[in-house]
Amino acid sequence: MHAIDTPFLLLVFRTVARRLEENRDALCGLDGEIGDGDHGTSMANGFAAIVTALRAPGMAEAPPGQLLRTASMAFLNDVGATVGPLYASALLQAGKVLEARPDLPLSEFSAFVAALTDGIAFRGKARAGDKTMLDAWLAATHAARLQESLGAPPADVARKAAEAAEEEARATATMIASRGRAARLKERSLGHQDPGAVSAALILRVLADAVADTMGQGR
Amino acid sequence: MQRFLNNPDDIVDETVAGFVKAHRDLVKLDPSNPRVVVARNAPVKGKVGIVTGGGSGHEPAFIGYAGRNMVDAVAVGELFSSPTAKSFIDAIKAADGGAGVAVLYGNYAGDNMNVKMARRMAAKDGIEVATVVANDDVCSAPLDERAKRRGVAGEIFMWKIGGAKAAEGASLSEVVASAQRAIDACRSVGVGLGPCTLPAVGHPNFLIEPGKMEIGIGHHGEPGTRLEDLKTANEVADDMVRIVLDDHDLPAGTEVAVLVSGLGATPVNELYVLYDRIEGQIAARGLSVHRAYVGNYFTSLEMVGATVTVLALDDELKRLLDVETACAGF
C-alpha cells in the first residue's frame, strides 16, 4: 500500500521548492499587479528554508508527522506577512493528521489536502470567493473528495485536484478581493489572478505528479 | 522617482544596519535575530516589556520608537509586510524582564496572525504576553465596526503611554489598560496626494491623478473614502479635523495632543502649514492643545500626503505623555 510517507513528502518538498524558485519572478510579477510584489520571494525562500531544515540528520527516517512539523516551523521562521502563518498552519494541520495516521494511504489523498486546506482556513479566516489562496485549496479538496467517492485511483484523484486548483486560480481573476493586501483595490483587483491561488495550484500540481510517479513506480 | 538603492532585496537589512549604527546610544541589534531592534537598556528586570513590530518603509516607525521609557524591542518586517512570528517571539524574549510583555501593534491581517502565533510560543516559554491592537484610522471602517479599523500614527501615542506606564513599574494588566485607553482616545485620518512604489515592484499599485487627492487613504495606499479635487491647505486641514473630531465626541475643555505626520515625500514646511490651521480649528471646537508633534513620525515610503492624529487626554494620559523618553523617532 502506497502511503503519504516521509520519502513521498521529501520528494514533494524538494520539487515544490524547485518549481517555486523557477516561478519566483512570475509570482512576484502577479503580486506586483495587485499586492506588494513579494509573493514569489516569500514562497520560494520559505520552501527553500523547509528543504534546508529537512536536510538535518535523521529527518529522512523521521515519521511523516514530525517532518511536517519541522517544515511548518522552518516556513514560519523564514516568512512573515500573511503567507508565513498560513502555510505554517497548513503544514502543522497536515502534520497532526499524519501523526494520528502515520500510514495514511495515497488512496486517502483527499484527507491530506483537506488538512492543508483546514490549516489555511483556520488561520486566515477567509471564505470561498474572497480571491485568496484558499479558493484554490478548497477547489482541490472538493475535487479530491468527489473523485475518491467515485472510486477513482489516487493518481486520478490528485490530478483532478490539481486541475481544479488551476482552474480556480484562473477564476480568481474574475473575483473582487475582500481579504489580504489586494482587498484595498476592491474592483481594481478584477482581471488579475490572485498570486496565492496560483502558487497553491503549483503546489497541487507537484503533489499530483508525485502521486502519479509513486503509483507508477510501484514503490 | 530616483532612489538611493543597492540591491532591492537588501534594503531592509541595510536600513536596520544603518539605523543601529546611527543610534547605537539608544538601540542594539538582537544578537540572534537581525530583524529585531532592542532598546539599549532592555530588558529591564522587573519591568513589563513593551514590544511592537510591523513592516518596513514607515521609518522612523517602527524601529525609531525603541528606546528608554518607550518600546523595548521591535520586530522588523519586509517593506509593508508583517514581521515573522519568529521575529515577534524573539522581540518578546528580548523585552522580557520577568514581569510579562505587552505587544502593542497595528490592526493588519499579517501582524494579527504572526503576533498570535508568537504569543502561543511565548506561553510555552512561560512568558506572559498581553496585546493591544491599534485601530485609530477613522476612514478604514465605520465607528460601530471599530475593531475592523487599521492602526496608523496613533500607534505612536499607544507606545508612548504604554512605555511610560511600564517605566513607572506598573503591572502587565495596568500597562495594557493604559495603552488600550490611549488608542481608544486616538483618532487619525490620512490624506494622500501621490502614491508610493515598492522598489521591488517598480510601479505604484495605486494612482492619484494630478490635481486630485484621496481623503482617508491608508498607510499602504489603502483606498480612502473620497477621491476629490485638491483643495487649499486650509480646506484640507478643516476636512481632516472634521473627520477626526466628528468621530470622537469630546466635551469642550478637553485637552488633546495632536500629531501631524508626513507620509514620506511631503515637505515638512507644508506640515506646519497644515498645523497652523489645525490648531485653530481644534480651538474653535472648545478643545485645547497640550502638545503638538509635527514632522515625519510615521511615513509610507515616498507617499505624498499627511496624517493627523488627535489624542484626547485625561490626567493619567497627560502625565504619561509628558514622561521623558529617549528614542530616535519622538
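Computed from a prediction, not measured in an experiment: that's the story for all the values here.

1. Focus on the pairing of strand 11 (residues 255-262) of chain B
Residues and elements named next belong to chain B.
Consideration 1: Most of strand 11 sits out of view: seven of its eight residues are buried.
Consideration 2: Direction of pairing for strand 11 relative to strand 12 (residues 288-295): parallel, over a ladder of seven bridges. Bridge pairing in strand 12 links V258 to A292.
Consideration 3: Chirality of the crossover, the property in question, places the unit of strand 11, helix 7 (residues 268-284) and strand 12 among those that are right-handed.

2. Focus: the packing of helix 5 (residues 83-100) of chain A against helix 6 (residues 109-124) of chain A
Residue and element names in this part refer to chain A.
Consideration 1: The interhelical angle for the contact between helix 5 and helix 6, taken along N-to-C directions, is 135 degrees, at an axis separation of 7 Å. Here helix 5 is positioned oblique relative to helix 6, judged by the angle of their axes. The interaxial crossing formed by helix 5 with helix 6 has right-handed handedness. Listed contacts from helix 6 to P85, L86, S89, A90, L92, Q93, A94 and V97 of helix 5 are A111, F112, A115, L116, D118, G119, I120, F122, R123 and G124.
Consideration 2: A per-class count over the contact of helix 5 with helix 6 returns twelve nonpolar, four polar and two charged.

3. Section: helix 2 (residues 85-95) of chain B
Consideration 1: A large share of helix 2 of chain B lies buried, amounting to eleven of its eleven residues.
Consideration 2: Of the residues making up helix 2 of chain B, those classed as buried are A85, K86, S87, F88, I89, D90, A91, I92, K93, A94 and A95 of chain B.

4. As for the nonpolar core
Consideration 1: One finds A140, A161 and A165 of chain A together with A66, A73, V74 and I92 of chain B to be the most contacted residues of the largest nonpolar core, which totals 177 residues.
Consideration 2: The residue makeup of this core includes at least three contributed by each of domain 1 (10-184) and domain 2 (186-313) of chain B.
Consideration 3: Not counting residues within four places of it along the chain, the set of residues in contact with A165 of chain A comprises A136, A139, A140, A200, A201 and L204 of chain A.

5. Things to note about the packing of helix 1 (residues 6-22) of chain A against helix 4 (residues 64-78) of chain A
Residue and element names in this part refer to chain A.
Consideration 1: Orientation of helix 1 relative to helix 4, taken along the N-to-C sense of each, is 25 degrees, at an axis distance of 9 Å. In this view, helix 1 runs roughly parallel relative to helix 4, as classed from their interaxial angle. In this structure, the crossing between helix 1 and helix 4 has a hand that is right-handed. In this structure, helix 1 uses T6, L9 and F13 to contact helix 4, whose residues at the interface are P64, L67, L68 and A71.
Consideration 2: Class assignment of the residues belonging to the contact of helix 1 with helix 4 gives a composition of six nonpolar, one polar and no charged.

6. Digging into the domain arrangement of chain B
Residues and elements named next belong to chain B.
Consideration 1: As assigned here, chain B comprises domain 1 (10-184) and domain 2 (186-313).
Consideration 2: Just the C-alpha atoms count here: the centres of domain 1 and domain 2 sit 23 Å apart.
Consideration 3: Contacts between domain 1 and domain 2 engage 22 residues on the former and 28 residues on the latter.
Consideration 4: Sorting the residues of the side of domain 1 that touches domain 2 by element identifies helix 4 (154-167) and helix 5 (172-184) as the ones contributing at least two each.
Consideration 5: By residue number, the principal contributor to the side of domain 1 that touches domain 2 is helix 4, which donates three residues.

7. Digging into the interface of chain B and chain A
Consideration 1: Counting residues at the interface gives 23 residues for chain B and 19 residues for chain A.
Consideration 2: Those elements that provide at least two residues to the side of chain B that touches chain A are strand 5 (73-79), helix 2 and helix 3 (109-124) of chain B.
Consideration 3: Considering each element in turn, the side of chain B that touches chain A owes the most residues, five residues, to helix 3 of chain B.
Consideration 4: In terms of residue class, the side of chain B that touches chain A is made up of ten nonpolar, ten polar and three charged.

The rules we used
Residues numbered from 1 in each chain as written. Chains lettered and ligands numbered in written order. Predicted model: local features only at pLDDT ≥ 70, side-chain atom pairs only at ≥ 80, totals over all residues. Buried ≥ 20, exposed ≤ 12 C-beta atoms within 10 Å, placed from the backbone. Helix = DSSP H or I, 4+ residues; strand = E, 2+ residues; numbered from the N terminus. Pairing = 2+ DSSP bridges. Right-handed = clockwise from strand over helix to strand, strands pointing away. Axes fitted to C-alpha atoms, helices over the stretch in contact; angles between N-to-C directions. Parallel < 35°, antiparallel > 145°, perpendicular 65-115°, else oblique. Left-handed = near helix turned anticlockwise from the far one by under 90°. Contact = placed C-beta atoms within 7 Å. Nonpolar A, V, L, I, M, F, W, Y, C, P; charged D, E, K, R; others polar. Core = buried A, V, L, I, M, F, W, Y, C linked by C-beta atoms within 7 Å. Domains from an automatic or database assignment.

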